[in-house]
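In case you want the letters, here they are:
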Amino acid sequence: MRSALERFAGRLCRQDVLSDTIPVLNDLLRMQVVSRLAQVGRPELYKSGVWDSNMSEHQIDPPSNSQLPDLVGFAPEPVTTRYDAPAVRIQKTIFEKAVELDASDIHIEPRSAATCVRYRVNGLMKEGLEIPRWMHENLVARIKILAKLNISERRVPQDGHISSDRPDGPDIRVSVLPSRCGEKVVLRLLRHNRAIRSIPELGLPANAEDALRALIHRPQGIVLVVGPTGSGKTSTLYAMVHEISREPLNIVTIEDPVEYEFERITQVQVHEKAGLTFATALRAILRQDPDVILVGEIRDGETAKIAFQASMTGHLVLTTLHTTDSVSAVSRLVELGVPRDLIASGMAAVIAQRLIRVNCPACSEPDFPRPIYLKRLGIAEGQPGRLVRSAGCPGCDFTGIRGRRGVYEVLEVNKDIRSALLDGSESEIRHALKTNGVRTLTEQAMEYVLAGTISVGEAYRTCYFGGASDD
């Protein structure tokens, strides 16, 4: 009976008469044939109750009480729908694994023989699935459909967004990039339901925490949080907002995208295609009587100038910038066209930060790094037993890492530093920091190395800036 039905369906498809034949059948027989076609292994003829475009466009729901399986003498099989397609199953598996690992990014990388999936966990790339090469285009097309991208365009990069269908699920930012072996897809997971940390939970030193609390209660000025992508800048900004969220203040944010949902403040999502840029939104917000403005990122000179001008007119501005440390933030602002006198007058503080990977204590062992690393970090040689690294064990999933912690360099602008910002060189600004007792990221990383908290390699990777801090 199975083969007979398959031959019947195949003949109808080859002769293109299915759309003419089905209406002639009575309702019961029509529903039975549709149900059986899905059950006997021809799901391509039936997709979730809707015929393909070359057949009928009528909605047809498979009957739950079909008598056709009983007539042929065997039990009904589960109906296969378009949601059971291999590309869909693989996509769901990839997303579910990312949530399980608490990954920040998913990388789908085409190679000559196969497609590799990798996850960024605690800042490290972790190997995942290996998918057959012939499945790559179907998987990319599936992700493009979810992100509402052009599936036929494979020559230029595309960016999109996938909204979660669950309240507790992550939204996903999608980037597609053409490469030699095909399109590479990188997905950033944005967890809106993640709890906002308080300032004590950031793990700042006591003096830095006190300085941060004092800064957030200032009536005006601009506080810059600087560091590379993935260093926790947004978490720090929202910890500051959380500190003052219950005070009688009008707090407005401009973000791209909105990473944390906060009920007691006004959050604005940038929409560049519609003309809502950081600069445009910031101008509009200044007419909304704000007390505190959070700007997700300073990307251009126009936004930077408006932000500094706002900080001079009775507003507290919190924002981020991509630079290596606090002093280099000044150089970056000058490159963006912000006048030195405006920087010196409007800046309240710069917070540079990094996330360092902590050694797993269960598998730590003595470390013998190359002398050049010790020299560049300013660590004296000949300290056996104090330098350790983690080799990996089942407790840390063989990564050698037991979580991450923040390292913070807090530059609070005072009279001496403001004078250096106004007309001093970069070396003079660094000297002013040292005179005022500001502990640099490199110095703090050295202390963590000697305490056995992190390895020499981790300190060199995250907190060495080519000797810039040694001036």
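Everything numeric here is computed off the predicted structure, so don't read it as measured data.

How each quantity is defined
- Residues numbered from 1 in each chain as written.
- Predicted model: local features only at pLDDT ≥ 70, side-chain atom pairs only at ≥ 80, totals over all residues.
- Heavy atoms only, no water.
- Buried < 20%, exposed > 50% of the residue type's maximum accessible area, 1.4 Å probe, protein only.
- Helix = DSSP H or I, 4+ residues; strand = E, 2+ residues; numbered from the N terminus.
- Arc of directions from axis to C-beta.
- Contact = heavy atoms within 4.5 Å.
- Pairing = 2+ DSSP bridges.
- Axes fitted to C-alpha atoms, helices over the stretch in contact; angles between N-to-C directions.
- Core = buried A, V, L, I, M, F, W, Y, C linked by side-chain atoms within 4.5 Å.
- Phe/Tyr/Trp six-rings, centres within 6.5 Å; stacked < 30°, edge-to-face > 60°.
- Parallel < 35°, antiparallel > 145°, perpendicular 65-115°, else oblique.
- Nonpolar A, V, L, I, M, F, W, Y, C, P; charged D, E, K, R; others polar.
- Right-handed = clockwise from strand over helix to strand, strands pointing away.

### Quick look at helix α7 (residues 206-216)
Within α7 the residues assigned to the buried category are Ala-208, Glu-209, Ala-211, Leu-212, Leu-215 and Ile-216. Along the axis of α7, the buried positions cluster into a sector of 160°, meaning they face one direction only. Along α7, the residues that are exposed and aim more than 90 degrees away from the buried face are Ala-206, Asn-207 and Asp-210. The elements touched by buried residues of α7 are α8 (233-244), β11 (316-321), β12 (347-359) and β15 (401-412).

### Points about the sheet that holds strand β1 (residues 105-110)
Read across the sheet, 6 strands follow the order β3-β2-β1-β6-β5-β4 without closing on themselves; strand pairing throughout is antiparallel. Looking at the sheet topology across the chains shown, the edges are occupied by β3 (124-132) and β4 (158-162). For this sheet, the mean inter-axis angle between neighbouring strands, taken without regard to orientation, is 20°. The pairing of strand β2 (residues 114-121) with β3 spans 7 bridges and is antiparallel. Residue Val-121 lies in a different strand from β3, and its bridge partner there is Leu-124. In the packing of helix α5 (residues 86-101) onto the sheet, contacts are made with β1, β2, β3, β4, β5 (171-179) and β6 (182-190), and the angle to β2 comes to roughly 25°. Of the strands in this sheet, β1, β2, β3, β4, β5 and β6 are in contact with helix α6 (residues 136-146), which crosses β6 at around 45°.

### Quick notes on the nonpolar core
Formed by 58 residues in total, the largest nonpolar core has its most connected members in Leu-224, Ile-254, Leu-321, Leu-333, Met-347 and Leu-421. The contact partners of Leu-321, leaving out residues within four places of it in the chain, are Leu-224, Val-225, Val-226, Gly-227, Lys-233, Ile-298, Ala-329, Arg-332, Leu-333 and Leu-336. Residues Leu-215, Ile-216, Ile-244 and Ala-349 belong to the second largest nonpolar core, which totals 30 residues.

### Some details on the packing of aromatic side chains
Scanning all chains against the criterion turns up 4 aromatic pairs. For the ring pair Tyr-238 and Tyr-260, a centre distance of 5.2 Å and an interplane angle of 45° mean the geometry is tilted. In this pair, Tyr-238 is assigned in helix α8 and Tyr-260 in the loop between β8 (251-255) and β9 (266-269), connecting sequence segments 22 residues apart. Here the two residues Tyr-238 and Tyr-260 agree in accessibility, since each one is buried. Between Tyr-238 and Phe-262, the aromatic rings sit 6.4 Å apart at their centres with planes inclined by 20°, giving stacked as the arrangement. Taken together, the residues span a long stretch of sequence, with Tyr-238 in helix α8 and Phe-262 in the loop between β8 and β9 at a distance of 24 residues. The class for Phe-262 is buried, based on a relative accessible area of 9%. Following the ring pairs from residue to residue traces out a cluster consisting of Tyr-238, Tyr-260 and Phe-262.

### Quick look at helix α17 (residues 456-463)
Within the sequence span of α17, burial applies to Val-456, Glu-458, Ala-459, Thr-462 and Cys-463. Seen along its axis, α17 keeps its buried residues to an arc of 160°; they face one direction. Tucked inside the fold, the buried residues of α17 contact β12, α13 (371-377) and α16 (441-450).

### Describing the packing of helix α14 (residues 415-423) against helix α15 (residues 426-435)
Here α14 crosses α15 at 175°, and the two axes come no closer than 9 Å. With respect to α15, the axis of α14 lies roughly antiparallel. Facing α14, whose interface residues are Ile-417, Ala-420, Leu-421 and Asp-423, α15 presents Glu-428, Ile-429, Ala-432 and Leu-433. Each residue belonging to the contact of α14 with α15 can be placed in one class, and the counts come to 6 nonpolar, no polar and 2 charged.

### Some words on the pairing of β11
Among the 6 residues that make up β11, 6 are buried, leaving the element largely enclosed by the rest of the structure. Side-chain alternation along β11 places Leu-316, Leu-318 and Thr-320 on one buried face and Val-317, Thr-319 and Leu-321 on a second face that is also buried. Pairing analysis gives 6 bridges linking strand β7 (residues 221-226) to β11, with the strands arranged parallel. When the bridges of β11 are listed, Leu-224 appears paired with Thr-319. As paired elements, strand β10 (residues 292-295) and β11 share 4 bridges and run parallel to each other. Across the sheet, Val-292 pairs through a bridge with Leu-316, a residue of β11. Note that the unit made of β10, helix α10 (residues 301-311) and β11 has a crossover that is right-handed.

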